[in-house]
Amino acid sequence: MSHSPSAGRDPVTAGAPAPPRLPWDGVLARRLARHGLAGPLRDSGPADCAGVLCGAHAQVMSAAELSLGLRLDGVTRDAVRTALWEERSLVKTFGPRGTVHLLPAAELPLWTGALTALPTGRNALSPGARLTPGQTDAVVAAVADALRDAELTADELTEAVVAAAGPWAGDLVMPAFQGMWPRWRQALHTAAHRGALCFGPNRGRKVTYTSPQRWLPGFRPAAPADSLARVVSRYLHAYGPATPGHFARWTAVPPGWAADLFGTLAASGAVEPVEFCGERAWVTAGDTALPGGPPRGVRLLPYFDAYTVGSHPRARVFPGRSAGRALARGQAGNFPVLLVDGLAAGVWHQRRSGRRIDITVEPLGPLSAAHRRELDEQAERTASVLGGVPRLTTGPVSAGPHA
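To keep things clear, this report deals only with the structure shown in the data block. Every value quoted in this text rests on a predicted model; they were computed, and no experiment measured them.

The rules we used
Residues numbered from 1 in each chain as written. Predicted model: local features only at pLDDT ≥ 70, side-chain atom pairs only at ≥ 80, totals over all residues. Heavy atoms only, no water. Helix = DSSP H or I, 4+ residues; strand = E, 2+ residues; numbered from the N terminus. Contact = heavy atoms within 4.5 Å. Pairing = 2+ DSSP bridges. Axes fitted to C-alpha atoms, helices over the stretch in contact; angles between N-to-C directions. Phe/Tyr/Trp six-rings, centres within 6.5 Å; stacked < 30°, edge-to-face > 60°. Buried < 20%, exposed > 50% of the residue type's maximum accessible area, 1.4 Å probe, protein only. Lys NZ or Arg CZ within 6 Å of the ring centre and 35° of its normal. Core = buried A, V, L, I, M, F, W, Y, C linked by side-chain atoms within 4.5 Å. Polar contact = N/O pair within 3.5 Å; in protein donor to acceptor, adjacent residues only side chain to side chain. Expected span 1.5 Å × (residues − 1). Parallel < 35°, antiparallel > 145°, perpendicular 65-115°, else oblique. Nonpolar A, V, L, I, M, F, W, Y, C, P; charged D, E, K, R; others polar.

1. Looking at the side chain of His35
For His35, the position within the fold is in the loop between helix H1 (24-34) and helix H2 (46-52). Those residues in contact with His35 that lie beyond four places of it in its chain are Leu41, Leu53, Arg71, Ala238, Tyr239, Ala306 and Tyr307.

2. Concerning the sheet that holds strand S2 (residues 90-94)
Pairing within the open sheet is antiparallel, and its 3 strands lie in the order S1-S3-S2. Only two strands of the sheet have a single partner each, and these edge strands are strand S1 (56-57) and S2. As defined by bridge partners, S2 adjoins strand S3 (residues 100-104) across 5 bridges and the pair is classed as antiparallel. From the neighbouring strand, Val91 faces S3, where its bridge partner is Leu103. Its contacts with the sheet put helix H3 (residues 61-69) on S1, S2 and S3, and the angle it makes with S3 is roughly 35°.

3. Details of the packing of aromatic side chains
This structure, assessed with the given rule, holds 12 aromatic pairs. Ring centres of Tyr239 and Trp250 lie 6.3 Å apart, and the angle between their planes is 45°; on these two criteria the pair is classed as tilted. Here Tyr239 is found in helix H10 (residues 224-239), whereas its partner Trp250 is found in helix H11 (residues 244-251), with 11 residues between them in sequence. Given a relative accessible area of 2%, Tyr239 falls into the buried group. Three or more aromatic residues link up through ring pairs in this structure, and these residues are Trp111, Tyr235, Tyr239, Phe247, Trp250 and Phe262. In this structure, Lys92 is placed above the aromatic ring of Phe199, and the distance from its NZ or CZ to the ring centre is 4.8 Å. One cation-aromatic arrangement involves Arg185 over Trp181; the distance from NZ or CZ to the ring centre is 3.8 Å.

4. Observations concerning H1
Note: α-helices contain 3.6 residues per turn, so residues at a spacing of three or four share the same orientation. The buried fraction of H1 is high, at 9 of 11 residues. Looking only at H1, the buried set comprises Trp24, Gly26, Val27, Leu28, Ala29, Arg30, Arg31, Leu32 and Arg34. Following H1 by one or two positions, Gly36 has its phi on the positive side, about 70°.

5. Notes on the sheet that holds strand S14 (residues 356-363)
Judged by pairing direction, the sheet is mixed, and its 5 strands sit side by side in the order S11-S12-S13-S14-S15 without closing on themselves. Two strands close off the open sheet at either side, each with one partner strand: strand S11 (298-301) and strand S15 (389-394). Each adjacent strand pair in this sheet contributes to an overall mean axis angle of 30°, direction not counted. Bridge analysis of S14 against S15 gives 6 bridges, and the strand direction is parallel. The residue of S15 that forms the bridge with Arg356 is Val389.

6. Thoughts on the nonpolar core
Within the largest apolar cluster, 76 residues are counted, with the highest numbers of intra-cluster contacts made by Leu68, Leu90, Leu102, Leu157, Leu197 and Tyr209. Per element, the largest residue contribution to this core is 7 residues, and it comes from H10. Ignoring sequence-local partners within four residues, the contact set of Leu90 consists of Pro46, Ala47, Ala50, Leu68, Val80, Ala83, Leu84, Leu102, Leu103, Pro104 and Ala105. Counting residues in hydrophobic clusters, the runner-up holds 37 residues, among them Phe276, Leu301, Leu338 and Leu375.

7. Some words on the side chain of Arg71
Looking at where Arg71 falls in the secondary structure, it is placed in the loop between H3 and helix H4 (77-86). At a separation of 2.9 Å, a polar atom in the side chain of Arg71 contacts the main-chain carbonyl oxygen of Ser67. Residues within four places of Arg71 in sequence aside, it is in contact with His35, Gly36, Leu37, Pro40, Leu41, Cys49, Leu53, Asp305 and Tyr307.

8. As for helix H16 (residues 369-386)
Helix length check: H16, at 18 residues, gives a terminal C-alpha distance of 26 Å against a target of 26 Å (1.5 Å per residue), a fit within 8%. The set of residues buried in H16 consists of His371, Leu375, Gln378, Ala379, Arg381, Thr382, Ala383, Val385 and Leu386. Phi for Gly387, located one or two positions after H16, is positive at around 75°.

9. As for the packing of H10 against helix H12 (residues 255-267)
Axis separation between H10 and H12 bottoms out at 11 Å; the angle between their running directions is 95°. It follows from the interaxial angle that H10 and H12 lie roughly perpendicular. Taken together, the residues of H12 that come into contact with H10 (itself represented by Leu228, Ala229, Val232 and Leu236) are Trp257, Leu261, Phe262 and Leu265. Class assignment of the residues belonging to the contact of H10 with H12 gives a composition of 8 nonpolar, no polar and no charged.

Shown next as structure tokens:
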């Protein structure tokens, strides 16, 4: 599915009747239910849950385990690890925006097909440090060949890529933490999107990479155009109503390109417009039903939880003081969030000592007695997922490592 950037306006159907209006509270209640935050997802395991979320963010692995575990009944981090490394129903790879995700292994053809259909984002490196398209292709081919029958660390993969592609691939041109990374690593997420790479199990403290074909015999990316349309539908099911701008932010693509994409999908009847929060937004065609009750519930969401990262409008999901406390330069995910009735209502922190997990919650407003009882239950559930015993306090959050 090919699109060229346009003026970036939302697609509008000329002469069409006014779209239905979806109220904010009804949408919040629907999002909570679909995310397993109004109650556990039924008849689901870790892979099913990851599919519902359009992937669980796994920059912090313990946070990914908690994201999935808190949405399922009786599931712990050990069950998530079993699904990932033993059953292989989950795969750890680079998902939307080139960030690390857990995705259902069975859906990897869909996701790689869709991600390869997205336009390349802006490269912040200097022109002399960037890979050319030909060099990117050479790196991906070298990665695919090196990982075909192996699990390699980053250093081992560097040696293999440089040997296959040439010395230029190893030039130290990428600023990284307190050092520099070799040039080829710009294409790491591209190799994953094209189906040449996923994460393998850690070797001690070192990350490894391998080929998804080792774990999924016969794997190959699905057709890009069809895959992209299906991923948009899944995104709208989990996070809609949404504008093309919201989708552009979620995928890190140009807003004009996203507007063209939604225009194509609207013309095909795959999506339909609604009025939401005073603007035109989009849902999958026919998906306008809302729950009968209001949004309810208290949840402790970990770093980079999919709900907070993907939900818009930001100003409504993070109202008042929560925008300053729970967002980082407007970005969600850098702080664990106290969620009350679907909205960010504070932050929280955990510190582990043996089996004891100290959970400190900083609410930004008063909590009712019912909310406090739910908070106690959430602390118990959090500790259960992480395999510990909780001690809950409320008050200012102190700095410290995550569990």
